[in-house]
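# Breakdown of the fold
If you want the building blocks of each chain, they are given just below.
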Amino acid sequence: MRRLMALLGMLCLLAACAHRAPAPAVALPPLRLAPAALGASLAVQQRLHFEFGAQQRDLDALLEVDAREVRLAVQALGQSGVRLQWDGRELQQQRAPWLPAAVRGERVLDDLQFALWPVEAVRSALPANWRVEDDGHERSLSREGTPWLVLTREAPDRLRLRNLAEGYALEIRTVGGEPPP
């Protein structure tokens, strides 16, 4: 669960830093997994460090997940940047006017779910030409043998997500809350 919050926060940070992102090398498949597919409840506070080219940003995130809903709030310098709510059918988002258009709630949700949901849940949502592998330390999403999204579990409270398709990296540190079971 902690990883899920961290990943979602990282994605929001990445989007906020990407003022003019180039077209992605490949379109990553949407996951849109049910909140209950996480298999547990989660409430964590995270510190996000986003890297997009030469740009770097630090953000704070609050992530809550229960069987009915995923809720994420991301702040920068005390200002609310984005709030997301996902009930398994509809994604609702509230965005600050200063947030770049490149920040897409759908991508944030997908990154979060890729990082935190069980590998079998992720695998079940993928099109036939995509694969997810997870060895306990690293999870990768690939198409035709090329990895496009890579999650590394650097420590129990620290994850690193690299989106090779869109050219960003996100480090997620959990600073409050209980880790997932």
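Refer to the preceding data block for the structure.
In this report, we go over the structure that sits alongside the text. What you are looking at is a predicted structure, and each value in this text was computed from that prediction instead of being measured. (Residues numbered from 1 in each chain as written. Predicted model: local features only at pLDDT ≥ 70, side-chain atom pairs only at ≥ 80, totals over all residues. Heavy atoms only, no water.)

We now examine the overall build of the protein chain. For the protein chain, the helix and strand inventory stands at 3 helices and 10 strands. Taken from N to C terminus, the helices and strands of the protein chain fall in the order α-β-β-β-β-β-α-α-β-β-β-β-β. Taking all contacts inside the protein chain whose residues are at least 6 apart in sequence as the whole, residues at least 24 apart take part in 60%. Total accessible area on the protein chain is roughly 8600 Å²; 48% of this is exposed by carbon and sulfur atoms. (Helix = DSSP H or I, 4+ residues; strand = E, 2+ residues; numbered from the N terminus. Contact = heavy atoms within 4.5 Å. Areas by Shrake-Rupley, 256 points an atom, 1.4 Å probe, with all protein chains shown as cover.)

Overall, the coordinates contain 14 salt bridges when judged by the stated rule. For the salt bridge of Arg107 with Asp111, the shortest nitrogen-to-oxygen distance reads 2.6 Å. One end of the pair, Arg107, and the other, Asp111, are both in helix 2 (residues 105-116), 4 residues apart, so they sit about a helical turn from each other. Its relative accessible area of 0% is what places Asp111 among the buried residues. Glu120 is paired through a salt bridge with Arg123; the nearest N and O atoms lie 2.4 Å apart. Residue Glu120 and its partner Arg123 are located together in helix 3 (residues 119-124), separated by 3 residues, close to a single helical turn. Judged by relative accessible area, which is 51%, Glu120 ranks as exposed. Salt bridges sharing common partners tie together Glu64, Asp66, Glu69 and Arg71. (Salt bridge = Lys/Arg side-chain N within 4 Å of Asp/Glu carboxyl O. Buried < 20%, exposed > 50% of the residue type's maximum accessible area, 1.4 Å probe, protein only.)

With that out of the way, let us pick up the environment of Leu59. Relative to the helices and strands, Leu59 resides in strand 2 (residues 55-65). Judged by its relative accessible area of 4%, Leu59 is buried. C-alpha separation for the pair Leu59 and Gln46, spaced 13 residues apart in sequence, amounts to 8.3 Å.

To continue, consider helix 2. If you check helix 2, its first and last C-alpha atoms are 16 Å apart, about what 12 residues at 1.5 Å a residue would give, namely 16 Å. In terms of burial, helix 2 is largely enclosed, as 11 of its 12 residues are buried. What helix 2 keeps buried is the set Gly105, Arg107, Val108, Leu109, Asp110, Asp111, Leu112, Gln113, Phe114, Ala115 and Leu116. (Expected span 1.5 Å × (residues − 1).)

Leu28, Leu63, Phe114, Leu116, Trp117 and Leu141 are the most contacted members of the largest nonpolar core, which has 45 residues in total. Top contributing element to this core by residue count: helix 2, with 6 residues. (Core = buried A, V, L, I, M, F, W, Y, C linked by side-chain atoms within 4.5 Å.)

The next point concerns the pairing of strand 10 (residues 168-177). Of the strand pairs in this sheet, strand 1 (residues 42-52) and strand 10 are connected by 9 bridges, and their pairing is antiparallel. From the neighbouring strand, His49 faces strand 10, where its bridge partner is Glu171. Two strands pair when backbone bridges link them, and strand 9 (residues 158-163) and strand 10 are joined in this way by 6 bridges, in the antiparallel orientation. Residue pairing across strands places Leu161 opposite Leu170, the latter belonging to strand 10. Where strand 9 folds back on strand 10, the antiparallel hairpin that results is connected by 4 residues, among which Gly167 adopts a positive phi of roughly 80 degrees. (Pairing = 2+ DSSP bridges.)

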